[in-house]
Amino acid sequence: MNGLELIKKAFALEEVERVPWVPFVGVHGGFLTGVDAETYLKSSDEIVKGISKSIEEYNPDGVPVVFDLQIEAEILGCELQWAPHNPPAVVTHPLANGVSLSDLKVPAITDGRIPVAVESTKILRKKYPDLALYGLITGPFTLALHLMGTDIFMKLFEAPDEVNEVMEFCTKVGNKMAGYLMDAGCDIIAVVDPMTSQIDPMSFETFVTPYVSNIFDTVRDAGKLSSFFVCGHAQQNIESMCNCKPDNVSIDENIPLDFVKDIALKKEISFGGNMKLTTVLLMGDEDDCRENAIENMDMAGKRGFLLAPGCDLPMDTPPANLKAVSELVHDEYKQDIARALEKKESTLEIFNMKDYGQSDKVIVDIITLDSESCAPCQYMVEAVKQVAPQFDGVVEWREHAIKKMEAVSFMSSLMVKNIPTICIDGKIAFVSQIPPKTELIAAIQKRINKKLKLKIKSKRSEILILGENKDETSKLNSKIHRAITELGKDVEIKIIADKKLMANYGVSQGSAVVAVNYKLKSEGEEPSLEVIKEWIKEL
């Protein structure tokens, strides 16, 4: 049985001889052939080369042709910011910048980068007739957010008719895009709508269900299969997603697989996911990937399940990790070995965060997959960026993209379970929901009022590390960086690696540390002599 037949059988909820394997190869295809993300996503030749290489390496049953949720938005006037290792990000929103909805036209097959996706599909269809090709379209709610910006969340309540009008337009766009890709040879149309994870079930059923259901009807009428892709903490909306009547729902690691299995099978819908994208596939080793894969396969069973990453693969995901999963899927003996092996103990470093958030500034941490590649993460970061300047230097914000192990450790240390999440001074504040501007301002202001009450504002602090050379100071530098991270302090580190300069601080032997704390004692008026004496006594 070939891959396409196996996936069709899984979609039909029939028992399969083995679990289908669908690696979501996006710009990772460019990594396999040595080109950057922008070059890759603008060239059908490069996409065909990248997908062909992934098929050769990973032996999948199905694969997406193009994983880029900005194709439609770009045509409709959204400006994009390109990056070498990720799909582009939307940085402007036409409907928020004075453009009228009546000015926007449903894209033609010749517009923008649609010809790139269509041509890639046609070539791959001819080259791999036995493989399931996924055609991905931007879900109507995510596309509406691209067009309207984060104002859409307020308008769900304040201007629902306006949102519905935009959703109707985005549905027309989705139906056209689905038609282009089906005509080119795609077997499955995946509606990728990650921003739906940011709304509650009632809003979902009002503003998403009727429109997405329309697209799934279009796909069904064309004799093709459909899938509903969502990422983030969308657990509250799984039943609503299934009620839209796709043939499949696909989720990421934020949602328990057994939870999805129970609801999906009850609704007679297949389900897919949810291998850990960063901690396992990107940063883990082959054993980590086998362990995660077999855990998912055993939990999901062989009825209605497709093994896949939680989202599109990070560009530089190690090919050896994906090969390990592929070999496991196709070899029952290797599956038995994976089950028999003891689970690896976690080597994740956990920071001591009990004193985090003691700096004079309020620290807003945003835990993301990566705001350059994850739409919910991007818009959560934007929400903080828009608010922070209003606090005039009192607030400092930081993004922690968990594509780096240090950020994973930070996330675990703060006990954050879902992405994206906003923490304020080390306390979880907003979980997988982009907060309205007023709520975010109120949460930050509440912390400022509590923290800065009766406290003299600190202007500047420094730690000086002194040694005769950089080798002598490097280990101490790492420890101090760790301490600053755990405390959330705003401290500048200066390294002085010169014996002569050390003497200026009364230090004759390295390595040494000098802590310098500058305090604002007076501003706008001249203090008395007695007050100045008290200050000097503290030195």
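This paragraph deals with the side chain of Asp 193. By the element assignment, Asp 193 lies in the loop between β5 (188–192) and α10 (201–207). For the buried Asp 193, no salt bridge exists, and the shortest N-O distance to an oppositely charged side chain is 15 Å, to Arg 220. A polar contact of 2.6 Å, which involves the side chain of Asp 193, links it to the side chain of Thr 142. Leave out the neighbours within four places in its chain, and Asp 193 touches Gly 139, Pro 140, Phe 141, Thr 142, Val 212, Phe 228, Phe 229 and Val 230.

In this section: the packing of helix α8 (residues 151–158) against helix α9 (residues 160–184). With their axes 6 Å apart at the nearest point, α8 and α9 run at an angle of 120 degrees to one another. Relative to α9, α8 is oriented oblique. Judged by residue contacts, Ile 152, Lys 155, Leu 156, Phe 157 and Glu 158 of α8 engage Pro 160, Glu 162 and Val 163 from α9. Its residues assigned to classes, the contact of α8 with α9 comprises 5 nonpolar, no polar and 3 charged.

Right, let's talk about unusual backbone geometry for a bit. Here the residue pair Ile 419 and Pro 420 is connected by a cis peptide bond, since its omega of -5 degrees sits within 30 degrees of zero. Here Pro 420 shows up in the loop between α19 (405–413) and β12 (421–424). Not every positive phi belongs to a glycine, and Asn 59 is a case in point at roughly 45 degrees. Looking at the element boundaries, Asn 59 is found in the loop between α4 (44–58) and β1 (62–64). Here Asn 59 falls in the partly exposed class, since its relative accessible area comes to 42%. At Met 415, a residue that is not glycine, the phi angle is positive and equals roughly 60 degrees. Within the secondary structure, Met 415 sits in the loop between α19 and β12. Met 415 gets classed as exposed once you look at its relative accessible area, which sits at 60%.

Cut-off values and rules
- Residues numbered from 1 in each chain as written.
- Predicted model: local features only at pLDDT ≥ 70, side-chain atom pairs only at ≥ 80, totals over all residues.
- Heavy atoms only, no water.
- Helix = DSSP H or I, 4+ residues; strand = E, 2+ residues; numbered from the N terminus.
- Buried < 20%, exposed > 50% of the residue type's maximum accessible area, 1.4 Å probe, protein only.
- Lys, Arg positive; Asp, Glu negative; His and termini not counted.
- Salt bridge = Lys/Arg side-chain N within 4 Å of Asp/Glu carboxyl O.
- Polar contact = N/O pair within 3.5 Å; in protein donor to acceptor, adjacent residues only side chain to side chain.
- Contact = heavy atoms within 4.5 Å.
- Axes fitted to C-alpha atoms, helices over the stretch in contact; angles between N-to-C directions.
- Parallel < 35°, antiparallel > 145°, perpendicular 65-115°, else oblique.
- Nonpolar A, V, L, I, M, F, W, Y, C, P; charged D, E, K, R; others polar.

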